[in-house]
Amino acid sequence: MVVFGGKGVAQMVGLGGNGVGQVLAAVAAALLFRLFSGPGPAMLPENEAEDDGDEIAGDGEGGEAPISGKVFPVTILWRNITFSLSDKSSKSVRFLLKNVSGEAKPGRLLAIMGPSGSGKTTLLNVLAGQLTASPRLHLSGLLEVNGKPRSKKAYKFAYVRQEDLFFSQLTVRETLSLAAELQLPEFSSVEDRDEYVNNLLYKLGLVSCADSNVGDAKVRGISGGEKKRLSLACELIASPSVIFADEPTTGLDAFQAEKVMETLRQLAQDGHTVICSIHQPRSSVYGKFDDIVLLTEGAIVYAGPALDEPLAYFSRFGLYHCPDHVNPAEFLADLISIDYGSAESVSSSQKRIDGLVESFSQQSSAVLYATPLIRWESLKGSRTSSEKVIVKKKGGWWRQFWLLLRRAWMQASRDGPTNKVRSRMSIASAIIFGSVFWRMGRSQTSIQDRMGLLQVAAINTAMAALTKTVGVFPKERAIVDRERAKGSYALGPYLLSKLLAEIPVGAAFPLMFGAVLYPMARLHPTLSRFCGIVTVESFAASAMGLTVGAMVPTTEAAMAVGPSLMTVFIVFGGYYVNADNTPIIFRWIPRISLIRWAFQGLCINEFSGLKFDHQQPFDIQTGEQALERLSFEGSRIRDTVMAQSRMLLFWYFTTYCLLERNKPKYQQLEPPSLDEVQPPLQLEPPDSDTEQAKPNQQLEPPLAQVESTQQLESPPLDQIRPFILEGVLSKEEVFAIKEGLFPFFIRHDSKLH
């Protein structure tokens, strides 16, 4: 497809030749491009491929979600997660996560807590597989899902990010209905879909605002808490087994924050595995947690049951007691944070944190599971798996197109504030230009006036369309990237629906501009051609804005790149630099300048057949002579419109390629190499009459208390066989213990086989 599309676009951008054949070629190229851009199965990248045998039962064919809403239970276990960022300039390495381990179970709400910069969001992204890839990053560790190495399609998960992004002009019910139709095309009837959506609205507490617009910064809509619950509802459509939420209470007041956390708590009770990161919750929110992981500077200070267990754990140190009537979350946050008030406070708090991290690290290594974390056979099998898996698409290409067309039309037609501003600006600029160039006559000086008016008309139309698109599309692209990552639809139907939905609204503003300006300036007939040229130019400028928005990461960057690129096109627009005088190395720029083609078409429409007053023989007598001085002789309006149409297709094709190329890529978790990992060795259980453990050092709880805290690892009690680890171990034994390869604990007198 890319080869064919590239050739077609290369021919279209050539802009040479005439005749009806060119029209047919352009139409055929557009239709074929749209036809081949969407349908067909999608192939997973090689690094995301997996063996069919590794997939967990219950996921459904092709990764599609069952309508019944049943939740497949998933337990996530991670060990020795280390994440580092290398700096090439200083040749230093910064560790964002340091040997982090933990577990999340179905039916329980796990909260990752810690001060700012502790690695909460980083750990959440690692567990969800949403860590953006970079050659400067290195991620290693072991991650299991229901006892098997994690794979791309091992389970369904939902990821609720901090930013709640929606199409602002849709209602809450419409947002959920369209998401349900795109993600679950197997609904047998509209009634089934509506019932499913109504159940979600009731479950998430969105019934009262179901028919309200979502809103944005320009138009007030639903509240922040309702937007967060709407994000959860959109993610719950596919019945995910695991829900990840990145600081879901950020930006909400205390009441809305508690309502959101209560929703997450109910989802956990329904059987979901819920993992969220949170900064410093209020006491009522803290009481909803089942388990917590305390992070500071990328290291674990505590991991285990929530509520009173963390307080009891730290109180065993003899120094850290939570006062009465104090929020436990605030006490824990103060305990694991560095006080930057003075050099002494920094040093003392750093020593305290280092001691707590070291103490928990020793005690978390005091229990190993009877079943090793990573099996030798599964590790070898995962290294040899390289087959690609075909993922079934969500619905047909045309079905996706019609759904997206309906959504794009609702968004474009209901955007009242933007449409009002654009209408007023179009009319106001037309009145201003018409007043300046009022009732132009046929004198020699009017030739320059006409050229100047046509040039500013082309510039005004293009800049208005460009700035509107580059100001909106980067935000919309973030929504599209998220929906495409879930497999809701392909890129081809989205771009085609966006183009068609914006035609009626986008054409209205150039028509307003031309209808007001044309009679005021008393331009040469005909008005229909004038409006047609500026309308096609407006669409081409919008397509160029899409390309700019797909090229850069933020709206601010797009607002900087778009006008700068348009300035180059203005310079080579045919008015300031004659095409015949353009340097050879820049001759290609006028050919792709939409300002030049619009200006050329407007000049041909204006000057063809026009007679001017003249007194000297060297004066310009006809409009054809004026066109000759601009190097526009021999051209036709049809040629300029076709050139603009070809540029429109070129910009859309470029946008398609950029969106495909810039789609998010995520960092892969690297397991230990086969050279470093040894098969689990058989260990003899220790005798019952062995000596007692030595007392621990300061900041470490007594050994008797260590055994009582082993429930922090959250395995079933019948799977734990704790033994005392004592004495000097060899390097091989220490490595095996750290990697979770030993099924038992050993003592200094146990033997390795």
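Data block above holds the structure.
Owing to the predicted nature of the structure, the values given are computational and were not obtained by experimental measurement.

**Focus: the overall build of the protein chain**
Here's step 1: Along its length, the protein chain carries 24 helices and twelve strands.
Here's step 2: In the protein chain, which comprises 753 residues, the proportion classed as buried is 51%.
Here's step 3: Of the contacts formed within the protein chain by residues at least 6 apart in sequence, a portion of 77% connects residues at least 24 apart.

**A short note on the pattern of salt bridges**
Here's step 1: Tallied over the full model, the rule gives 20 salt bridges.
Here's step 2: Here E660 ties to R484 by a salt bridge, and the two come within 3.2 Å at their closest N and O atoms. One end of the pair, E660, is in helix α22 (residues 637-661); the other, R484, is in helix α15 (residues 445-485), with 176 residues separating them in the sequence.
Here's step 3: The class of R484 is buried, set by a relative accessible area of 17%.
Here's step 4: In this structure, a network of salt bridges that share partners links the residues E181, R193, D194 and R406.

**Some details on the packing of helix α14 (residues 416-436) against α15**
Here's step 1: Interhelical geometry of α14 versus α15 gives an angle of 170 degrees and a closest axis separation of 12 Å. As the angle between them shows, α14 and α15 are arranged roughly antiparallel. Crossing angle aside, the handedness with which α14 passes α15 is right-handed. On the side of α14, the interface is formed by T418, R422, S429 and F433, while α15 contributes L453, V456, N460, A465 and K468.

**Section: the environment of V214**
Here's step 1: Structurally, the position occupied by V214 is in the loop between α5 (190-203) and α6 (224-236).
Here's step 2: Taking the C-alpha atoms as reference, V214 lies 7.5 Å from K227; in sequence the two are 13 residues apart.
Here's step 3: With sequence-adjacent residues up to four places away left out, V214 is seen in contact with F166, F167, S168, L170, T171, V172, T175, G221, I222, K227 and L230.

**Let's talk about the packing of aromatic side chains**
Here's step 1: Evaluation of the coordinates by the stated rule reveals 21 aromatic pairs.
Here's step 2: Judged by centre distance (5.9 Å) and plane angle (50 degrees), the ring pair of F572 and F586 falls under tilted. Residue F572 is located in the loop between α18 (555-571) and α19 (588-592), and its partner F586 is located in the loop between α18 and α19; the two are separated by 14 residues in the primary sequence.
Here's step 3: On the basis of relative accessible area, F586 is assigned to the partly exposed category, the value being 35%.
Here's step 4: By the ring-pair criterion, three or more aromatic residues cluster together here, those being Y302, Y313, F314 and F360.
Here's step 5: We note R439 situated over the ring of W438; from NZ or CZ to the ring centre the distance is 5.4 Å.
Here's step 6: The ring of W597 carries R596 above its face, with NZ or CZ at 4.2 Å from the centroid.

**Structural notes on the nonpolar core**
Side chains that are nonpolar tend, in soluble globular proteins, to be buried together.
Here's step 1: Counting residues in each nonpolar core, the largest one holds 91 residues, and the members touching the most others are W78, F244, F289, I292 and F314.
Here's step 2: The residues contacting F314, other than those within four sequence positions of it, are L294, V301, Y302, Y320, L332, L335 and L356.
Here's step 3: Listed in part, the 48 residues of the second largest apolar core include I459, V552, F569 and Y656.

**A few points about α18**
Here's step 1: Between its first and last C-alpha atoms α18 spans 25 Å; for 17 residues at 1.5 Å apiece the expected length is 24 Å, and the two agree.
Here's step 2: Residues T555, A558, G562, M566, F569 and I570 constitute the buried set of α18. In an axial view of α18, the angular spread of the buried residues amounts to 100 degrees, which keeps them on one side of the axis.
Here's step 3: Close packing links the buried residues of α18 with α15, α17 (527-551), α19, α20 (594-607) and α22.

**Overview of the sheet that holds strand β5 (residues 137-145)**
Here's step 1: Ordered by their spatial adjacency, four strands build an open sheet running β3-β2-β5-β6, and the pairing between neighbours is antiparallel. In this open sheet, the two edge strands, each paired with only one partner strand, are β3 (92-104) and β6 (148-149).
Here's step 2: With two bridges joining them, β5 and β6 adopt antiparallel strand pairing. Note on β6: the bridge partner recorded for V145 is K148.

**Quick notes on the pairing of strand β8 (residues 242-246)**
Here's step 1: In terms of residue burial, β8 counts as a mostly covered element, since five of its five residues are buried.
Here's step 2: Where burial is concerned, the two faces of β8 agree: the one with V242, F244 and D246 and the one with I243 and A245 are both buried.
Here's step 3: Alignment of strand β7 (residues 157-160) against β8, held across four bridges, turns out to be parallel. Within the sheet, the bridge partner assigned to F157 lies in β8 and is V242.
Here's step 4: Where β8 lies against strand β9 (residues 273-278), five bridges are found, and the strand directions are parallel. Looking at β9, one finds that I243 is bridged to V274.

**What about α5?**
Here's step 1: Helix length check: α5 (14 residues) gives 20 Å between terminal C-alpha atoms against 20 Å at 1.5 Å per residue, within 8%.
Here's step 2: Within the sequence span of α5, burial applies to R193, Y196, V197, L200 and L201. End-on view of α5: buried residues confined to an arc of 140 degrees, all on one side of the axis. Opposite the buried face of α5, at more than 90 degrees from it, the exposed residues are E191 and Y202.
Here's step 3: For α5, the elements touching its buried residues are α4 (172-183) and α6.

**Quick word on the packing of α6 against helix α7 (residues 254-269)**
Here's step 1: At their nearest, the axes of α6 and α7 sit 9 Å apart, and the two run at 20 degrees to each other. One element, α6, and the other, α7, form an angle in the roughly parallel class. Classified by chirality, the crossing of α7 by α6 is right-handed. Across from G225, E226, K228, R229, L232 and L236 in α6, the residues of α7 making contact are Q256, K259, V260, T263, L264 and L267.
Here's step 2: Looking at the contact of α6 with α7 residue by residue, the class counts come to five nonpolar, three polar and four charged.

**Some remarks on the sheet that holds β9**
Here's step 1: Ordered in space as β7-β8-β9-β4-β10-β11, the six strands form an open sheet in which the pairing is mixed. At either end of the open sheet lies a strand with only one pairing partner, and these are β7 and β11 (299-305). Here the strands of the sheet are splayed against their neighbours by 15 degrees on average, with no regard to which way each runs.
Here's step 2: Packed onto the sheet, α6 meets β7 and β8 and runs at close to 160 degrees relative to β7.
Here's step 3: The strands touched by α7 within the sheet are β4 (109-113), β8 and β9, with β9 carrying the most contacts at an inclination of about 155 degrees.

What counts as what
- Residues numbered from 1 in each chain as written.
- Predicted model: local features only at pLDDT ≥ 70, side-chain atom pairs only at ≥ 80, totals over all residues.
- Heavy atoms only, no water.
- Helix = DSSP H or I, 4+ residues; strand = E, 2+ residues; numbered from the N terminus.
- Buried < 20%, exposed > 50% of the residue type's maximum accessible area, 1.4 Å probe, protein only.
- Contact = heavy atoms within 4.5 Å.
- Salt bridge = Lys/Arg side-chain N within 4 Å of Asp/Glu carboxyl O.
- Axes fitted to C-alpha atoms, helices over the stretch in contact; angles between N-to-C directions.
- Parallel < 35°, antiparallel > 145°, perpendicular 65-115°, else oblique.
- Left-handed = near helix turned anticlockwise from the far one by under 90°.
- Phe/Tyr/Trp six-rings, centres within 6.5 Å; stacked < 30°, edge-to-face > 60°.
- Lys NZ or Arg CZ within 6 Å of the ring centre and 35° of its normal.
- Core = buried A, V, L, I, M, F, W, Y, C linked by side-chain atoms within 4.5 Å.
- Expected span 1.5 Å × (residues − 1).
- Arc of directions from axis to C-beta.
- Pairing = 2+ DSSP bridges.
- Nonpolar A, V, L, I, M, F, W, Y, C, P; charged D, E, K, R; others polar.

So, to be careful, I would describe these as geometric facts and stop short of saying anything about function.
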